[in-house]
Amino acid sequence: MAQINPSILSADFARLAEEAERVGGADGADWLHVDVMDNHFVPNLTLGVPVVEALRKATDTPLDCHLMIEDPDRWAPQYVEAGAGSVTFHAEAAAAPVRLAREIRAKGARASMALKPATPIEPYEDLLPELDMLLVMTVEPGFGGQAFLDVMLPKIRRTRRLIDKHGLTMWLQVDGGVSAETIERCAEAGADVFVAGSAVYGADDPAAAVRMLRRQAQEARPAGCAH
Ligand SMILES: O=C(CO)[C@@H](O)[C@H](O)COP(=O)(O)O
Ligand SMILES: [Fe+2]
């Protein structure tokens, strides 16, 4: 089942509770994607633990926190405590990714690792069983509204093959430039969780955009795929 996670980076930060509401409900967002940026790992600054705590109280939709920060080994567990249901740290930033993934899981959240566009998946093959999700970035992290990087499609395909080769049920997420124009290519390549910021919050009817993206992804999935 294809999952659609709207990114609140493209929402109105002064009205986050209402913005969460606008994409929630039946057939709405599967998760809310929360982009945490520290102006060190990426050249942008967004929000932190207190905002995640506040969002947790404001919505029933589970929170998918994407940490674009240095030292996730220190900070990621705090996002679980703040109420995140899934916490994604970057492979490029984590000092001890296996220990960190185990800690996130032990605290009760799904553990996920992200790869920037120039980071290959192959060195991380043996880590996959430690993870609940792998995020292949389809833009350079840091900003919403960027153009989708087509050159990431082979990495999505290779990652899907590795997941299937190991018989894992983990999810494969794509993030960056995902829209009505690009989501089918991502789904065909094997992604099953789709982050969309501007394509959802830039639409006249964000809830309808979520439903449309999910339908497109569902229909584009390879025939007979297990994911
Ligand atoms: O992590 C990031 C950007 O670094 C994303 O989650 C963006 O927020 C996606 O926005 P769109 O590309 O869909 O507008
Ligand atoms: Fe993100």
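It should be emphasised that the depicted structure is a prediction, and the values quoted were computed from it without experimental measurement.

About the cut-offs
Residues numbered from 1 in each chain as written. Chains lettered and ligands numbered in written order. Predicted model: local features only at pLDDT ≥ 70, side-chain atom pairs only at ≥ 80, totals over all residues. Heavy atoms only, no water. Near = heavy atom within 4 Å. Polar contact = N/O pair within 3.5 Å; in protein donor to acceptor, adjacent residues only side chain to side chain. Areas by Shrake-Rupley, 256 points an atom, 1.4 Å probe, with all protein chains shown as cover. 1 Å grid on protein atoms, 1.4 Å probe; cavity = no way out; pocket = protein on both sides within 12 Å on 5 of 7 lines; lining within 4 Å. Sits in = over half its atoms within 2 Å of the grid points. Helix = DSSP H or I, 4+ residues; strand = E, 2+ residues; numbered from the N terminus. Nonpolar A, V, L, I, M, F, W, Y, C, P; charged D, E, K, R; others polar. pLDDT = per-residue confidence, 0-100. UniProt positions renumbered as here; feature names shortened; annotations may be inferred. Buried < 20%, exposed > 50% of the residue type's maximum accessible area, 1.4 Å probe, protein only. Contact = heavy atoms within 4.5 Å. Pairing = 2+ DSSP bridges. Right-handed = clockwise from strand over helix to strand, strands pointing away. Phe/Tyr/Trp six-rings, centres within 6.5 Å; stacked < 30°, edge-to-face > 60°. Lys NZ or Arg CZ within 6 Å of the ring centre and 35° of its normal.

**Q** Got a minute to help me understand the site of ligand 1 in this structure?
**A** Around ligand 1, a shell composed of 20 residues is seen, among which Asp35, Gly142, Asp175, Gly197 and Ser198 lie nearest. In the environment of ligand 1, an oxygen atom lies 2.8 Å from a nitrogen or oxygen atom belonging to the backbone of Gly197. Out of a free accessible area of 380 Å², ligand 1 has 100% covered by protein chains. At a threshold of 2 Å from the grid points, most atoms of ligand 1 map onto the largest pocket. Secondary structure elements with two or more residues in the shell around ligand 1: strand S2 (32-37), strand S3 (63-68) and strand S8 (193-196). Per element, the largest residue contribution to the shell around ligand 1 is three residues, and it comes from S2. Residue composition of the shell around ligand 1, grouped by class: eight nonpolar, 10 polar and two charged.

**Q** Teacher, can you tell me more about the confidence of the model for the protein here?
**A** One rule of thumb: low pLDDT means the predicted coordinates there are not for detailed reading. Considering every residue of the protein, the mean pLDDT works out to 97; 99% of them sit at 70 or more. Across the interfaces of the predicted complex, the ipTM metric reaches 0.99, alongside a pTM of 0.98.

**Q** For this particular structure, what's the right way to read the UniProt feature "active site" (unreviewed entry) in the protein?
**A** The positions that UniProt labels "active site" (unreviewed entry) are, in the present scheme, Asp35 and Asp175. What stands out for the annotated residues spanning 141 residues is how close their C-alpha atoms remain, the widest pair being 10.6 Å apart. Considered against the largest pocket, the annotated residues that line it turn out to be Asp35 and Asp175. Within the secondary structure, Asp35 is located in strand S2. Exposure remark for Asp35: the relative accessible area of 6% places this residue in the buried category.

**Q** Whenever I open this one, the environment of Val49 confuses me. Can you help?
**A** The topology assignment puts Val49 in helix H2 (residues 49-58). Along the sequence, Val49 and Val36 sit 13 residues apart, while their C-alpha atoms lie 8.9 Å from each other. Apart from residues no more than four positions distant in its own chain, Val49 is found in contact with Gln78, Tyr79 and Ala82.

**Q** Any chance you could explain unusual backbone geometry here in plain terms?
**A** Peptide bonds are trans in most cases, and residues, glycine excluded, mostly fall at negative phi. We note that Asp27 has phi near 65°; this positive angle belongs to a residue other than glycine. Mapped onto the elements, Asp27 comes out in the loop between helix H1 (16-22) and S2. Residue Asp27 is classed as exposed on the basis of its relative accessible area of 54%. Look at Asn39: it is not a glycine, yet its phi comes out positive at around 60°. By the element assignment, Asn39 lies in the loop between S2 and H2. Judged by its relative accessible area of 45%, Asn39 falls in the partly exposed class.

**Q** What's the story with the pairing of strand S7 (residues 171-175) in this structure? I'm lost.
**A** Of all the five residues making up S7, four are buried; the element is thus mostly covered by neighbouring parts of the structure. Note: strand S6 (residues 133-137) against S7, five bridges, orientation parallel. If you follow Leu134 over to S7, its bridge partner there is Leu172. Since S6 and S7 lie parallel, the crossover through helix H5 (residues 153-165) that links them has a hand, and here it is right-handed. Where S7 and S8 come together, three bridges link them in parallel fashion. Residue pairing in the sheet places Val174 in a bridge with Phe194 of S8. For the handedness criterion, the β-α-β arrangement of S7, helix H6 (residues 183-189) and S8 is classed as right-handed.

**Q** Mind showing me how you'd approach the packing of aromatic side chains here?
**A** Describing an aromatic ring pair means giving the distance of the ring centres and the angle of the ring planes. Taken as a whole, this structure holds one aromatic pair when the rule is applied. An angle of 75° between the planes, with centres 6.1 Å apart, marks the rings of Trp31 and Trp171 as edge-to-face. On the criterion of sequence distance, the pair formed by Trp31 in the loop between H1 and S2 and Trp171 in strand S7 is long-range, its members being 140 residues apart. Here the basic side chain of Arg110 rests over the ring of Trp171, its NZ or CZ set 3.5 Å away from the ring centre. A cation over an aromatic ring shows up here: Lys116 above the ring of Phe41, its NZ or CZ 5.2 Å from the ring centre.

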